[in-house]
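# Summary of the model geometry
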Amino acid sequence: MKLLTWLIFACALAFLTMACFFSSGCTDAPISTTTTTSASTTTTGTGTTTTVTFSSSTSTVTIGGHGTIEVQNVAYTGNVIGNTFCSIVADKLTPGRVHMSFYNLADQDLCYIVGSIGSWAATVIVDNIGDVGKYTSIALDSNDRPHISYYAGRDGSLHHAYYTGTSWTTETVDDPTDADVGYFSSLALDSSDKAYIAYYDWTNRTLKYATNKTGSWQTGSIEGTGYGKYCYIGLDTNGFAHISYLDENAGNLRYATNKSGSWAKETIDLSTPVGLSTSLVVDRNNTVHITYYDSTNKKLRYAYGTLGSWTWQYINDLSGDDIGNQNSIAVDSNNEPNISYYDTTRGTLKYAFRTLGITWTIATLDNSANVGQDCHIALDSSNKVHIAYYDATNFLLKYAGEK
């Protein structure tokens with residue numbers, strides 16, 4: 001009888017474990033939230049530019065098994081509803097310090113800000129010659145100096161900006177006279193500080209790739225007509241590129257890599273339409289992790305694997321909401337995925353992370369207004385979470401960071 005009881009218990013436990021894996025909706029930790037309000041001042045730009053004062057509401061979310069995440073307003077983006085195209089990266093040398101790039105909606109400038117919880121430097125205008133700064137992507141070189149790729153709407157071109165230690169330098173990467181390029185720019189730097197950018201040619205509807213690894217910028221197309229929207233790039237430990245993007249022709253998630261020396265391309269998910277709003281990261285074992293949006297079921301999906309071998313699943317937070325049409329992924333030192341995403345139905349910022357390769361914990365980090373659009377996540381060397389995102393109600397760049 002005892003043996004039978006034990007077998008029943010073991011089978012039930014196994015079933016629950018598998019159910020948790022396939023539904024991706026189980027949580028293993030309590031979540032509590034407290035909110036305080038304070039006043040905050042930020043200066044946009046440099047020199048004689050305007051000082052903008054705004055109200056800052058700070059909330060604290062404690063996630064069992066992870067830590068306390070504090071939410072703060074960082075910069076005012078102008079009284080224009082839209083996407084700030086923000087990007088974030090964690091400092092390699094200073095714990096808790098992050099760098100963010102974003103597009104100022106009102107002034108149509110590329111902006112940069114650096115700081116940590118409760119201590120933010122003045123916003124710097126990196127490029128303000130015409131309409132510049134959409135589709136920003138930020139990375140740090142070996143000296144912790146920021147590099148940013150971005151789209152210049154003024155002439156339909158791809159640009160790159162970097163900080164020399166004393167000033168910002170901007171340069172044109174790709175500016176064809178007969179095409180509008182630079183959409184969905186995504187930047188990565190290798191161990192030698194060489195840059196690699198994936199981006200979309202809107203005119204020809206093609207995926208493009210640029211690198212300065214030989215000293216000067218070289219550009220080219222990876223795949224033909226109908227491929228490349230929502231592209232995102234990551235580098236493996238050998239410096240090879242991995243790119244996720246949308247196959248517009250079939251409505252599938254597509255993937256390309258040059259790890260063999262030439263570009264190999266394949267479809268990861270044959271479901272349709274999927275592949276909108278992709279994000280990609282390569283872990284220490286060179287496994288590729290991708291998040292993307294399923295617009296039919298209005299759900300967030302997660303795929304992982306390598307060329308020719310992929311597994312995908314839903315990130316099912318059981319809310320029944322339209323989730324994930326904007327998302328971002330990072331992996332921790334255990335190669336576990338951490339995902340930020342926007343809940344369109346509720347207008348909230350959500351966060352999901354996996355432990356032990358099976359169990360997902362899902363939390364709402366900010367529900368103060370219509371928040372969470374254009375979210376971008378980064379993890380520091382201590383596996384602490386940092387997320388940049390947009391508050392569409394109050395026109396603010398916001399930050400959620402783990403203490």
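These remarks concern the structure in this document. The model shown is predicted, which means the values in this text are computed figures rather than measured ones. (Residues numbered from 1 in each chain as written. Predicted model: local features only at pLDDT ≥ 70, side-chain atom pairs only at ≥ 80, totals over all residues. Heavy atoms only, no water.)

Turning to the nonpolar core, a few remarks are in order. Ranked by internal contacts, the top residues of the largest apolar core, which has 25 residues, are Tyr-209, Cys-231, Ile-233, Ile-243 and Tyr-245. Elements supplying a minimum of two residues to this core: strand E13 (181–189), strand E14 (195–201), strand E15 (206–211), strand E17 (227–235) and strand E18 (241–247). It is E17 that provides the largest number of residues to this core, a total of four residues. With 19 residues, the next largest nonpolar core counts Ala-330, Phe-353, Ile-377 and Tyr-389 among its residues. (Core = buried A, V, L, I, M, F, W, Y, C linked by side-chain atoms within 4.5 Å. Buried < 20%, exposed > 50% of the residue type's maximum accessible area, 1.4 Å probe, protein only. Helix = DSSP H or I, 4+ residues; strand = E, 2+ residues; numbered from the N terminus.)

Examined bridge by bridge, strand E11 (residues 157–163) and strand E12 (residues 168–174) share six bridges and lie antiparallel to one another. From the neighbouring strand, Ala-161 faces E12, where its bridge partner is Thr-170. Counting the residues that bridge the hairpin from E11 to E12 gives four residues, and of these Gly-165 lies at a positive phi of roughly 115°. (Pairing = 2+ DSSP bridges.)

The next thing to look at is the sheet that holds strand E20 (residues 264–269). In spatial order, the strands read E17-E18-E19-E20; together these four strands make up an open sheet with antiparallel pairing. Each of the sheet's edge strands pairs with one partner strand only, and the pair in question is E17 and E20. Ignoring which end each strand starts from, the neighbouring axes of this sheet average 25° apart. Summarising the sheet, strand E19 (residues 252–257) and E20 pair through five bridges and their orientation is antiparallel. Bridge pairing links Tyr-255 to Glu-266 in E20. (Axes fitted to C-alpha atoms, helices over the stretch in contact; angles between N-to-C directions.)

A word on the sheet that holds strand E24 (residues 309–315). The strands that make up a sheet pair up through hydrogen bonds in the backbone, lying either parallel or antiparallel. Spatially, E21-E22-E23-E24 is the arrangement adopted by the four strands of the open sheet, whose pairing is antiparallel. Edge positions in the open sheet fall to strand E21 (274–282) and E24, since each of these has one partner strand only. Here the average twist between neighbouring strands, direction ignored, is 20°. Examined bridge by bridge, strand E23 (residues 299–306) and E24 share seven bridges and lie antiparallel to one another. Within E24, the position partnered with Leu-300 by the bridge is Ile-315.

What follows covers the packing of aromatic side chains. Counting across every chain of the model gives 20 aromatic pairs. An angle of 50° between the planes, with centres 5.6 Å apart, marks the rings of Tyr-163 and Trp-168 as tilted. For Tyr-163, a relative accessible area of 27% puts it in the partly exposed group. Plain terms: the ring middles of Phe-184 and Tyr-230 are 5.0 Å apart, the flat faces sit at 50° to each other, and that makes the pair tilted. Of this pair, Phe-184 sits in strand E13 while Tyr-230 sits in strand E17, and the two are 46 residues apart along the sequence. Since its relative accessible area comes to 25%, Tyr-230 is described here as partly exposed. Grouped by ring-pair contacts, the aromatic residues Phe-85, Tyr-103, Tyr-135, Tyr-151, Tyr-183, Phe-184, Tyr-200, Trp-202 and Tyr-230 constitute a single cluster. It is Arg-301 that lies over the ring of Trp-312; its NZ or CZ is 4.0 Å from the centre. Against the face of Tyr-304 rests Arg-354, its NZ or CZ located 5.8 Å from the ring centre. (Phe/Tyr/Trp six-rings, centres within 6.5 Å; stacked < 30°, edge-to-face > 60°. Lys NZ or Arg CZ within 6 Å of the ring centre and 35° of its normal.)

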